Amino acid sequence: MITKQLARVLARVAIILPRAKALLMGLLLLPLAAPTLASQLNDIQFSELPGSRLQLRLTFSDVPPEPTGYTIEQPARIVMDFAGVESVLPEKKYSLDIGAARSAVIVSSDDRTRLILNLDELPVYTSERVGNQVVLEVGADTATTAAVAAAPMHSSTNIGGSAQFKPAGNVAINNVDFRRGESGEGKVIVSLTDPAVNIDVERTRGKIVLTFLGAELPPELRQRLDVTDFATPVNSISVDYDGRNTVISVDPHDGEYDYLAYQADTEYVLSVKPLTVAQVREKQKEFQFTGEKLSLNFQDIEVRSVLQLIADFTDLNLVASDTVQGRITLRLDGVPWDQALELILKAKGLDKRQEGNVIMVAPAAEIAERERRELETRKQLEELAPLRTEYIQIRYADARELFSLFAGQQGGGQGGGRGNFAGGREDQDSRSILSARGSAIVDERTNTIILTDTEDKIVQFRDLINAIDIPIRQVMIEARIVTANTDFEKSLGVRWSYLEDHNMSDDSIGIGSGSQLPGISDGNGNGPDLSAPTTLHDPMLVDLGVGNPAGSVAYAILKEDFLLGLELSALEDVGKAEIVSQPKVVTGDKQEASIRSGVEIPYLEATSSGAASVTFKEAVLLLNVTPQITPDDNIIMSLNIDQNSVGELFTNVITGAQIPAINVNSLQTKVLVSNGETIVLGGIFEAQAIEGEVKVPVLGDIPFLGHLFKTTTKQEDKRELLIFITPRIMQDEFLSFSK
């Protein structure tokens, strides 16, 4: 061993000497207290060996340090720590399916790298350092690794030192603490002096028992803790020492719970958490038997004796009929007692009935016959029971509608607003809760039900009325219909006029008299003055002006014998309109409500005989809604919203009457909305753009100058419709008062 180490040192010296100069220069630049560079974990390899064994080979950048670690029984894990090692592996988790190994996890922190090997069960294992590698073999033969089974870590190769083992007898319990988690779970925290301890966890007789094998317990920690005030599934914790092992017994509530046990270094944690309603139902679906498990192994034993054993095991009172006979052979290992009882009864044709903590066992046919006789006896007692008459006042519902929900027959209305409901007729519906001798009368005037029946039926009827006769919750629905219109129009036009007359004078064309030039517009778009003197040519050469312009500019050239005029006219029109309709309606849960507002427009319409008749068209704002309140205070609404208005008038070709057109905006939908929330049900956006141009041929196509011989028009119309809805549940004071 010494020769190998000496050879290794000499080889390193031979490599270092040629680079001594460079190393000395580098050392001069480093501080005197520079820390030693950490090793790196460069590679990890997995291989399967004969006998379903697993071999892990970890490769480091240098000689790895002595590994330390511990093992966990439940869940089965092998944990190894490498101090001063940094992991540079590309992955942290490796899935395995070799022997008992399932996965390997590599995690690295500032001062160490940890290997966690997850197993189905904890086998024996060995670890060995070979050069810059650590070889871990899981599932080794017990004959060659007896020392490993007694200790969690073993290193057969140690440079400059010797292997160290910590016997399990030195493990002790430092402290036992209890805490409440964020989710209401109870945590039992056990502090250990050494993580290398075998722990057995089992659930027996409704308790969770932790056994720390070979762990000592100080006398001051032997106690019973009452943790009921923490509001967790745990009632109490008992900590005791049996002379060899430390036993911690956790007593949970009788309700449904689940537990998880795990270990982190020297801290062992048992977490007991309550199950939600959904988890309990899922668990019951998976397995319907929930009794405590027992084991039975008998050959040709009497059935009555097996039933007695189950009764003693469950502390229940059991009554067996004299007709329960026979013998049975059974072997049940770890079966819930209720499942075992069910199997035994089915095997011998028996059945059971349980009342409280008493179980009665008898043949199935005998129990069925007994129950049939009980039903007949009960029916006879009902037929002989005395009749009573009760006056039941209905507060919120309609008495006739309420009684029709569970009455078999509804008689016709009698005088005084009364209706008879007879229960003793042969054709009575089986859905009636009245007995065959019972009857009822509904007084619509006082909204009262006069009931005659037995005491039991009257009590049943009153319970039903108290559950149904409650005020209906009210809902206010507010709708907003917003219509926005935007109109834009822009026009630009030109007029040319020409007048020629050799006899013209200033006086003849009205210069200085305040009159306009012939052929020139008067500024209001009325065109030229036709009373001007006769000319050789028509005064309007080009008439492309804007009708009813917002403004115009005119220019004229006057000579002694002719006139040339130019007029530019322009128009820009912008309009904006916003119409908001806001109907509101209040109604009850699941009750339809409708509100409308508008006009009916009359017009004449020809009939088949040729005469004219007056017909009406509606242009109304309508809100029709049926709300439904969900258990979580949301609202489902069936909606019908109309917003109609009067449009253009059209002439009837037959009667000659003016018939109005109706602009229709309608929405039908069904939505789910939170209480008080505003939602956009829908919207319509319309945009129309029109551009026009009128010009003189050829002249209007001349660049730049062509604008003097054309008229341009640009028009844009935009229309947007949005429909909002806001439901609110009304909190009525009388509702809380009635409760």
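In the annotation of an unreviewed UniProt entry, the protein is listed under the name Type IV pilus assembly protein PilQ and assigned to Microbulbifer hydrolyticus. Recorded under Subcellular location (unreviewed entry), the UniProt text for the protein is reproduced unchanged: "Cell outer membrane".

Colleague: Just give me the short version of the overall build of the protein, but keep the residues and values in it.
Modeller: A count of helical and extended segments in the protein gives 10 helices and 42 strands. Here the protein holds 739 residues, and the buried ones make up 36% of them. Within the protein, contacts between residues separated by at least 24 positions form 61% of all contacts whose residues are at least 6 apart in sequence. Surface accessibility of the protein: about 44300 Å² in total, with carbon and sulfur atoms responsible for 51%.

Colleague: Give me the pairing of strand β32 (residues 551-558): which residues, what numbers.
Modeller: The pairing of β32 with strand β33 (residues 562-581) spans eight bridges and is antiparallel. Along β33, the bridge assignment pairs V553 with L568. Counting the residues that bridge the hairpin from β32 to β33 gives three residues.

Colleague: Just give me the short version of the sheet that holds strand β16 (residues 234-241), but keep the residues and values in it.
Modeller: In space, the five strands of this open sheet follow the order β13-β14-β17-β16-β15, with antiparallel pairing throughout. Edge positions in the sheet fall to β13 (199-204) and β15 (223-226), since each of these pairs with one other strand and no more. The mean angle between the axes of side-by-side strands here comes to 15°, regardless of whether they run parallel or antiparallel.

Colleague: Which residues make up the packing of aromatic side chains, and what are the values?
Modeller: Inspection of the entire model under this criterion finds five aromatic pairs. For the pair F60 and F82, a centre-to-centre distance of 5.2 Å together with 50° between the ring planes defines the contact as tilted. With F60 in strand β2 (residues 53-60) and F82 in strand β4 (residues 77-83), this residue pair connects regions lying 22 residues apart in the sequence. We classify F82 as buried; its relative accessible area is 1%. With a centroid separation of 5.2 Å and an interplanar angle of 80°, the aromatic rings of F178 and F230 are classed as edge-to-face. Of this pair, F178 sits in strand β11 (residues 173-180) while F230 sits in the loop between β15 and β16, and the two are 52 residues apart along the sequence. Taking NZ or CZ as reference, R480 lies 5.3 Å from the ring centre of F724, over its face.

Colleague: Any chance you could break down the confidence of the model for the protein for me, citing the residues and the numbers?
Modeller: Taken residue by residue, the protein gives an average pLDDT of 76. The fraction at 70 or more is 79%. Confidence over residues 409-430 falls short of pLDDT 50; this stretch has 54 contacts with residues more than four positions distant or in other chains.

Colleague: Outline the environment of D589, supporting the account with residue identities and numerical values.
Modeller: Position of D589 among the secondary structure elements: in the loop between β34 (584-588) and β35 (593-606). Taking the relative accessible area as the measure of exposure, D589 reaches 16% and is therefore buried. Separated by 46 residues in sequence, D589 and I635 place their C-alpha atoms 9.3 Å apart. Setting aside anything within four residues of it in sequence, one finds D589 in contact with I472, R473, P627, Q628 and I629. A polar contact is formed between the side chain of D589 and the backbone nitrogen of I629, at a distance of 2.9 Å.

Colleague: How would you summarise the side chain of T711 if you had to cite specific residues and measurements?
Modeller: When you line up the elements, T711 lands in strand β42 (residues 710-730). Those residues in contact with T711, other than ones at most four positions away along the chain, are L492, G493, V494, L544, G545, G692, E693 and V694.

Colleague: Tell me about the pattern of salt bridges, and please be specific about residues and values.
Modeller: With the rule as written, the count across this model stands at 30 salt bridges. A salt bridge links E686 to R719, with the nearest nitrogen and oxygen atoms 4.0 Å apart. You can see E686 sitting in strand β41 (residues 679-695) and its partner R719 sitting in strand β42, a full 33 residues away along the chain. E686 sits in the partly exposed class, given a relative accessible area of 42%. With its nearest N and O atoms 3.5 Å apart, the salt bridge here joins K710 to E693. Of this pair, K710 sits in strand β42 while E693 is found in strand β41, placing the two residues 17 residues apart along the sequence. Taking the relative accessible area as the measure of exposure, K710 reaches 11% and is therefore buried. When salt bridges that share partners are traced, they join D81, R112, R114 and D265 into one network.

Colleague: Please give an account of unusual backbone geometry that cites residues and values.
Modeller: Most of the time, phi is negative for any residue but glycine, and the peptide bond is trans. A positive phi angle, close to 55°, is found at N447, a residue other than glycine. Tracing the backbone shows N447 in the loop between β28 (439-443) and β29 (448-453). The class of N447 is buried, set by a relative accessible area of 17%.

Colleague: Lay out the packing of helix α5 (residues 303-314) against helix α6 (residues 337-347) with the relevant residues and their values.
Modeller: Between α5 and α6, the least distance of the axes is 11 Å, while the angle of their chain directions is 165°. Considered as vectors, α5 and α6 are oriented roughly antiparallel to each other. Once α5 is placed against α6, the crossing between them reads as left-handed. Between α5 and α6, the contacting residues are V303, V306, L307, I310, F313 and T314 on the first element and W337, L341 and I344 on the second.

Colleague: Explain α6 to me, and be specific about the residues and the numbers.
Modeller: Within the span of α6, buried status applies to W337, D338, A340, L341, I344 and L345. Each buried residue of α6 sits inside an arc of 160° when the element is viewed along its axis, so together they form one side. Looking at α6, the residues exposed on the side facing more than 90 degrees away from the buried face are K346 and A347. Against β20 (293-302), α5, β22 (327-336), β23 (350-355) and β24 (358-363) lie the buried residues of α6.

Colleague: Which residues make up the nonpolar core, and what are the values?
Modeller: In this structure, I173, F212 and I248 are the most contacted members of the largest nonpolar core, which totals 27 residues. Of all the secondary structure elements, the ones that give two or more residues to this core are β11, β12 (186-192), β13, β14 (207-212), β16, β17 (246-252), β18 (257-264) and β19 (267-274). F212 has contacts with I173, V190, L192, V197, N198, I199, N245, T246, I248 and Y268, leaving out every residue within four places of it along the chain. With 25 residues, the next largest nonpolar core counts I44, L56, L96 and L117 among its residues.

Colleague: Please provide a residue-by-residue account of helix α9 (residues 455-468), values included.
Modeller: The terminal C-alpha atoms of α9, which comprises 14 residues, lie 20 Å apart, in line with the 20 Å expected from a rise of 1.5 Å per residue. Residues of α9 that are buried include every one of I458, F461 and I465, and no others. With its buried residues spanning 60° around the axis, α9 presents them on a single face. Every exposed residue of α9 that faces more than 90 degrees away from the buried side is listed here: D456, N466 and A467.

Colleague: Which residues make up the environment of T193, and what are the values?
Modeller: Structurally, the position occupied by T193 is in the loop between β12 and β13. Taking relative accessible area as the criterion, T193 reaches 38% and is therefore assigned partly exposed. Placed 18 residues apart in sequence, T193 and N175 show a C-alpha to C-alpha distance of 9.6 Å. Within polar-contact distance, the side chain of T193 engages the backbone nitrogen of A172 at 2.8 Å.

Colleague: Break down the sheet that holds strand β7 (residues 101-108) for me, with residues and values.
Modeller: Taken in spatial order, the five strands of this open sheet run β3-β4-β8-β7-β6, and their pairing is antiparallel. The open sheet is flanked by β3 (68-72) and β6 (93-98), the only strands paired with a single partner. Pairwise comparison of adjacent strand axes, ignoring direction, gives a mean angle of 15° for this sheet. Pairing geometry for β7 and strand β8 (residues 112-119), over seven bridges, is antiparallel. Paired with A104 across the strands is L117, a residue of β8.

About the cut-offs
Residues numbered from 1 in each chain as written. Predicted model: local features only at pLDDT ≥ 70, side-chain atom pairs only at ≥ 80, totals over all residues. Heavy atoms only, no water. UniProt positions renumbered as here; feature names shortened; annotations may be inferred. Helix = DSSP H or I, 4+ residues; strand = E, 2+ residues; numbered from the N terminus. Buried < 20%, exposed > 50% of the residue type's maximum accessible area, 1.4 Å probe, protein only. Contact = heavy atoms within 4.5 Å. Areas by Shrake-Rupley, 256 points an atom, 1.4 Å probe, with all protein chains shown as cover. Pairing = 2+ DSSP bridges. Axes fitted to C-alpha atoms, helices over the stretch in contact; angles between N-to-C directions. Phe/Tyr/Trp six-rings, centres within 6.5 Å; stacked < 30°, edge-to-face > 60°. Lys NZ or Arg CZ within 6 Å of the ring centre and 35° of its normal. pLDDT = per-residue confidence, 0-100. Polar contact = N/O pair within 3.5 Å; in protein donor to acceptor, adjacent residues only side chain to side chain. Salt bridge = Lys/Arg side-chain N within 4 Å of Asp/Glu carboxyl O. Parallel < 35°, antiparallel > 145°, perpendicular 65-115°, else oblique. Left-handed = near helix turned anticlockwise from the far one by under 90°. Arc of directions from axis to C-beta. Core = buried A, V, L, I, M, F, W, Y, C linked by side-chain atoms within 4.5 Å. Expected span 1.5 Å × (residues − 1).

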